[in-house]
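# Inside the fold
So the chains spell out like this:
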Amino acid sequence: MKITRRLLLPLLVALVTCFSLVSPAESATYPVGYGSVNPTPYIDAYNRIGGAARIGYAYNTVHTWGSGCIQDFSGGWSGKSAIMQRNCSGSAFYVVYLQWAYIERTWGGNAVNVIGYPTGDDFRWGAGWAQHFSGGTQSATTLARPDQNNTVRQVWGGIRAYWIGALGGAAGSIGYPLSEEYAWN
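Residues numbered from 1 in each chain as written. Predicted model: local features only at pLDDT ≥ 70, side-chain atom pairs only at ≥ 80, totals over all residues. Heavy atoms only, no water.

Moving on: the overall build of the protein. Looking only at helices and strands, one finds 7 helices and 9 strands in the protein. In the protein, which comprises 185 residues, the share counted as buried stands at 41%. By sequence separation, contacts in the protein at least 24 residues apart represent 41% of the contacts at least 6 residues apart. Of the roughly 10,200 Å² of accessible surface on the protein, a fraction of 60% belongs to carbon and sulfur atoms. (Helix = DSSP H or I, 4+ residues; strand = E, 2+ residues; numbered from the N terminus. Buried < 20%, exposed > 50% of the residue type's maximum accessible area, 1.4 Å probe, protein only. Contact = heavy atoms within 4.5 Å. Areas by Shrake-Rupley, 256 points an atom, 1.4 Å probe, with all protein chains shown as cover.)

Shown next as structure tokens:
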């Protein structure tokens, strides 16, 4: 009996260690859009971004987040990503790569209350990438990421309106923001 216990304990430790090192994408995957009444918008967004190679596999079902729905992905070259759908109906849009990392780092689970849901996929704008969000407590928001340094910056409210309307946004006369908004005087 002692021999069995001596062999069983290291085997058990090895199994627990092995399972704790598995990423969410490797431990369980779900079909794209699984859990939604209408999975088609999720499947469409997944295909637009390039599927598993780009955003990996869903590691949870579509679930509510704030006033909408979201499904999380991991395992593609974009790192952790999500497909989001405002009010759990209509079009769904992906949020990937550095934009998603910025959202998680800056607001975590409160992001949709602060910046809302994406109003479209990310897009090429001048010498970089941008994505617009519907706005929460901070009104309409744009996450902008220039090619030169790949740093995501948030532009929102009145400054965003002026930046886009009067200055042409990222493709306009002043280009991408160099910092976050901050108080002055």
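Before going further, it helps to examine helix α7 (residues 157-165). Within α7, burial applies to Gly-157, Arg-160 and Trp-163. Buried residues in α7, looked at end-on, bunch into an arc of 110°, giving them a common side. Away from the buried face of α7 by more than 90 degrees, exposed residues Gly-158, Tyr-162 and Gly-165 are located. (Arc of directions from axis to C-beta.)

Taken as a whole and assessed by the stated rule, the structure comprises 1 disulfide. Sulfur-sulfur distance for the disulfide between Cys-69 and Cys-88 comes to 2.0 Å. Between Cys-69 and Cys-88, the disulfide has an S-S torsion of 90° and is therefore right-handed. Of the two residues, Cys-69 is situated in strand β3 (residues 68-76) and Cys-88 in the loop between β4 (79-85) and β5 (93-95); the sequence distance between them amounts to 19 residues. (Disulfide = S-S within 2.5 Å.)

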